[in-house]
Protein chains: 2
Amino acid sequence: MVLLGVAGMGLADPPADYASVSADYASVSAVGLFVALMCVCIIVGHLLEENRWMNDSITALFIGFGTGAVILLASSGKHSRVLLFSEDLFFIYLLPPIIFNAGFQVKKKRFFRNFMTITLFGVVGTLISFTVISLGALGLISRLHIGELELGDYLALGAIFSATDSVCTLQVLNQDETPFLYSLVFGEGVVNDATSVVLFNAIQDFVIGDISSVNLLKFGGSFLYLFWSSTFLGVASGLLSAYAIKKLYFGRHSTDREVAIMMLMAYLSYMLAELFDLSGILTVFFCGIVMSHYTWHNVTESSRVTTKHTFATLSFIAETFLFLYVGMDALDIEKWKIVLETYSPIKSIALSATILALVLVSRATFVFPLSLLSNWTKKTPAGKISMKQQVIIWWAGLMRGAVSIALAYNKFARSGHTQLPSNAIMITSTISAVLFSTIVFGILTKPLIRLLNPPRHVSREHSALSEPSNPNTFLEQLIENSDADLENGVSLRRPSRLRQLMVSPTRSVHYYWRKFDNAFMRPMFGGRGFVPFVPGSSNESSIPLLAGTEN
Amino acid sequence: MVLLGVAGMGLADPPADYASVSADYASVSAVGLFVALMCVCIIVGHLLEENRWMNDSITALFIGFGTGAVILLASSGKHSRVLLFSEDLFFIYLLPPIIFNAGFQVKKKRFFRNFMTITLFGVVGTLISFTVISLGALGLISRLHIGELELGDYLALGAIFSATDSVCTLQVLNQDETPFLYSLVFGEGVVNDATSVVLFNAIQDFVIGDISSVNLLKFGGSFLYLFWSSTFLGVASGLLSAYAIKKLYFGRHSTDREVAIMMLMAYLSYMLAELFDLSGILTVFFCGIVMSHYTWHNVTESSRVTTKHTFATLSFIAETFLFLYVGMDALDIEKWKIVLETYSPIKSIALSATILALVLVSRATFVFPLSLLSNWTKKTPAGKISMKQQVIIWWAGLMRGAVSIALAYNKFARSGHTQLPSNAIMITSTISAVLFSTIVFGILTKPLIRLLNPPRHVSREHSALSEPSNPNTFLEQLIENSDADLENGVSLRRPSRLRQLMVSPTRSVHYYWRKFDNAFMRPMFGGRGFVPFVPGSSNESSIPLLAGTEN
């Protein structure tokens, strides 16, 4: 603080309340260090962009880990981090912008076309994964003689390691290169998150021998309630923002207010979901989808450019911060000390290896059978998942991330339990498994995708590939891919309704949705082509704008 | 937290660690409440935009105050706020975006042309104001018999109430309507902030009877050191960001990374200043100026639109949050209870009234004499401050804000001292004075400016007036006003150098600076016209883009 800091500068001794000064100093230096490291991450990430192994998450993890090691050495082995891992920080500040941006930028049509498959993978797949990991842990980890682990601990391990890392998935799969896989794996990640959190909470209150049908029914009911009410809340907040901006701001646009309202309403939807005990992640994801479909078209041209890039930038900053943080957190020296005092290093490695093996096996046990099931229901070859794609889906969902760490801290590091060696080893093993899966599996993902799914050399695709973040290409693609589909599809490729229903029920649902959207939703909430003429926000001016700046 | 919250939903009783759950719940609900209130503030502020009395700060203050009252009633008089006033929150998170944005959007040429006057007002004026308030407090407040107040307390009052509220000034003065006054009053506010913080710290370590010439010299030295090193740090960070983006990103632009780097570097400059015990406010202000002069021209078109609006939006959100917070904080019921138990209400009112009177008088004692002095040095009538303008400068700087509250809490509410009635009454009086000055002086400012300085009915000026935040007008104006000045001025209005030196030394300094800028700085760090051709960032495409979207 300048207020306190300047005092010690040249005029006098430090003030009496020294503790308070050093606390402020510590928080400023911690935040400052993180900001500086994020700058380094962005620059290094940019320089390594062409590198076929690395991605931004792994760079940030390495830099965080390296900084943690330096701090550990500098403090002579006392501590390795400047901020404690806090669930609040993670769930209140870092996760919402990442998931909201994912919903805002997702290709809506593809997401909804694969909705059934996504739900199948996200719900049934997660339950299968949970069962396999829990049973495996019960069978294998109990032989390692780690200490007093109860049935509840094994079940918790199942829930912790069923939670895939949707953030890392976003980084290794490219929406433009592999759109089908991206929507499947990322969509699964969002649904998976809700499932594993419900599972984790169900397990925490699990009483052994109480697997009655009533409890299973309760579990199913609470999951359905959570899923639908979270979605409803997200959609409602998105529509409210669209309606408010359409009604209030028309003819008197103010970019700053529009951008602020969009940011705050999105965040509010997350907060409300958390307050109502729902899944904020699902809510904010659907809020993002609705905002990009309605609200985004009601604002001025410059608000549109600003929101697109601001949401992407905030999400990028949150991701970088998160991976730095996890990397720095890996050297949680207190827990490592307890573990090394109690157990042999071999036992530690064995535990982490067992967990990783269970993750690999459990994901295989649901990806391949469920893909078969999904292919069996599809009549056309377009929606089928090929064997190569199945392997990529299996592989891309192997990474475990901050959600696993947060759940593990929640289960094993509650106040009072931290000193137990069996709890400490669970945390260090979780951290090891997360680091190993993110780094090793993550590094191998890009080459694997290239091997199994070589990039097509179409000039359009290629230009999007070499400049993935070029704003103009990106916005243009957004308009082409999502909106052109939604708009022109109606008039251009409209077969007879009866034939449609026979060919594909999903496509037919989509057709009726578009009809409803055009007849009722867009006139009410605005959206592409349904906003009265506003200077700078019209369709006509936006296309030449984008085209003009591209050359 | 969804993690903890869902557990209580239908499956079982709340988990054992109830305290932790409620803490999480409290922080989520506090943040959620603030986000919801900010949405309300933005909408109400938009609806009241045409109102001649209100502005966004006063709206937010009222809404915060109202919410505080509702919470107070709902909690049966126990507490009125959901977040404690924290200096950290204010100085680490809220102030930097506001001041950075001010530097980023300020009209550079005007600011530097008035630099001497601004420094005169900001440094000498603040010292005069401090002396008058301290002496007045010593003479008047000591007669109120409030309790054990020492000389140090009176001096602290002087420093606390010398700190003007630059945030509120930004809201009542319009850069487009009254550009000269805006640059004077706002520029003074930034310098004033640094001065009053140095003063405050000097006073905290003040030993009575120790007013030696050595100490005065020390004070002057530390002020100069603070001023120049803070400015240097800000300029250096800005240049570093310009250089990094120019060197690294050329030909391979990534909007998200560019925007992220600009945001993080700006924040880093503030954090570094705080760590080095400098004035973060000065640093981040100059970093904003340098970034808008160099860095902003090195990035893509969409990054430019995004940063302009993102910085403005973040600043707008921080301001709204701040005034909500101060409004809610006004009902600090603990302190009011102590005050009402000890003193008669008349004494309370008398103290606040005395403080307000001292603020009014002390500002008058430096604005009018220093304006005379400034006018005396100016040869041309253009730079002279008219009597009407002097009255507006006097009035617009009367508001006291969050800096005063933060300093008062720092002085009178340190742990252990809070229960002293004399400390409690100082805090409640500070809050009363801040509220009164912001609301009453703030409400009267707009009409006063209209009365003394009626808006000119030039069509250009008028359109900017009715749509102050219209992005296109705004960007266009920015290019016209700041850059066209800096660029074309060289070739169009270049008189002989000798005559220039005689007419105005400031203008001559400006001429040599432009020469240096064009010959060395811009080729090195980029800037308008000095960035090699990049798709989407060229001069040629940016003008039709802005012009095209305006009609």
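Residues numbered from 1 in each chain as written. Chains lettered and ligands numbered in written order. Predicted model: local features only at pLDDT ≥ 70, side-chain atom pairs only at ≥ 80, totals over all residues. Heavy atoms only, no water.

Caption draft 1: Spatial organisation of the overall build of chain A. Along the backbone of chain A there are 23 helices and zero strands. The 551 residues of chain A split such that 60% are buried. Restricting the contact set of chain A to residue pairs at least 6 apart, pairs at least 24 apart contribute 83%. Carbon and sulfur atoms make up 68% of the accessible area of chain A, which amounts to about 21500 Å² in all. (Helix = DSSP H or I, 4+ residues; strand = E, 2+ residues; numbered from the N terminus. Buried < 20%, exposed > 50% of the residue type's maximum accessible area, 1.4 Å probe, protein only. Contact = heavy atoms within 4.5 Å. Areas by Shrake-Rupley, 256 points an atom, 1.4 Å probe, with all protein chains shown as cover.)

Caption draft 2: Region of the structure containing the nonpolar core. Core analysis: the biggest nonpolar cluster contains 279 residues, and Ile141(A) and Ile141(B) have the highest contact counts within it. Ignoring any residue separated from it by four or fewer positions in sequence, one finds Ile141(B) in contact with Gly136(B), Ile146(B), Leu149(B), Tyr154(B), Leu157(B), Leu351(B), Thr354(B) and Ile355(B). (Core = buried A, V, L, I, M, F, W, Y, C linked by side-chain atoms within 4.5 Å.)

Caption draft 3: Layout of the state of the cysteines. Residues and elements named next belong to chain B. By the definition in use, this model includes zero disulfides over all chains. The closest cysteine sulfur to the non-disulfide-bonded Cys 41 is located on Cys 39, 9.3 Å from its own sulfur. The class of Cys 41 is buried, set by a relative accessible area of 5%. (Disulfide = S-S within 2.5 Å.)

Caption draft 4: How the structure looks around unusual backbone geometry. A positive phi is found at Asp277(A), a non-glycine position, where the angle reads about 65°. Secondary-structure assignment places Asp277(A) in the loop between α11 (255-275) and α12 (280-298).

Caption draft 5: Region of interest: the environment of Val361(B). Its place among the elements puts Val361(B) in helix α15 (residues 345-377). Given the relative accessible area of 45%, Val361(B) is considered partly exposed.

Caption draft 6: Region of interest: the packing of helix α3 (residues 56-74) of chain B against helix α13 (residues 301-329) of chain B. All names here are of chain B. Viewed as axis vectors pointing N to C, α3 and α13 meet at an angle of 40°, and their least axial separation amounts to 7 Å. Comparing their axes, α13 and α3 come out oblique. Where α3 crosses over α13, the two elements pack in a sense that is right-handed. Here Asp 56, Ser 57, Ala 60, Leu 61, Ile 63, Gly 64, Phe 65, Thr 67, Gly 68 and Ile 71 of α3 come into contact with α13, specifically with Phe 316, Thr 320, Phe 323, Leu 324, Val 326, Gly 327 and Met 328. When the residues that make up the contact of α3 with α13 are grouped by side-chain class, the tally is ten nonpolar, six polar and one charged. (Axes fitted to C-alpha atoms, helices over the stretch in contact; angles between N-to-C directions. Parallel < 35°, antiparallel > 145°, perpendicular 65-115°, else oblique. Left-handed = near helix turned anticlockwise from the far one by under 90°. Nonpolar A, V, L, I, M, F, W, Y, C, P; charged D, E, K, R; others polar.)

Caption draft 7: How the structure looks around the confidence of the model for chain A. Residue and element names in this part refer to chain A. Within chain A, residue pLDDT values average 75, and 75% of them lie at 70 or more. Taken element by element, the predicted model of chain A shows its lowest mean pLDDT in helix α1 (residues 2-5) (32) and its highest in α11 (90). Reported confidences for the modelled complex are a pTM of 0.79 and an ipTM of 0.77. (pLDDT = per-residue confidence, 0-100.)

Caption draft 8: Just the packing of helix α11 (residues 255-275) of chain B against α13(B), in detail. All names here are of chain B. Direction vectors running N to C along α11 and α13 enclose 40°, while the axes themselves pass 10 Å from each other. When the axes of α11 and α13 are compared, the pair comes out oblique. As α11 runs across α13, the sense of the crossing is right-handed. Taking contact as the criterion, the partners of Thr 255, Glu 258, Val 259, Met 262 and Met 263 in α11 are, on α13, Ser 302, Ser 303, Thr 306, Thr 307, Thr 310, Phe 311 and Leu 314.

Caption draft 9: Broad picture of the domain arrangement of chain A. Residues and elements named next belong to chain A. By the assigned domains, chain A splits into domain 1 (1-6 + 21-75) and domain 2 (87-452). Taken together, both faces of the contact between domain 1 and domain 2 bury some 2300 Å²; the carbon and sulfur share is 81%. The tally of links from domain 1 across to domain 2 stands at zero salt bridges. Counting every contact that joins domain 1 to domain 2 gives zero residue pairs in polar contact (both at pLDDT 80 or more). Elements that contribute at least two residues to the side of domain 1 that touches domain 2 include exactly α2 (18-47) and α3 (56-74). For the side of domain 1 that touches domain 2, the element with the highest residue contribution is α3, accounting for 14 residues. (Domains from an automatic or database assignment. Buried area = accessible area lost by both parts, 1.4 Å probe. Salt bridge = Lys/Arg side-chain N within 4 Å of Asp/Glu carboxyl O. Polar contact = N/O pair within 3.5 Å; in protein donor to acceptor, adjacent residues only side chain to side chain.)

Caption draft 10: Layout of the environment of Leu452(B). All names here are of chain B. Residue placement: Leu 452 occurs in helix α18 (residues 421-452). Distance from Leu 452 to Lys 108, taken between C-alpha atoms, is 26 Å for residues 344 residues apart in sequence. Setting aside chain neighbours within four positions, we find Leu 452 in contact with Lys 388, Val 391 and Ile 392.

Caption draft 11: How the structure looks around the pattern of salt bridges. Residue and element names in this part refer to chain A. In the structure shown here, the tally under the stated rule is four salt bridges over all chains. Two residues, Arg 522 and Asp 517, come together in a salt bridge whose shortest N-O distance is 2.9 Å. For the pair Arg 522 and Asp 517, one class covers both residues: buried.

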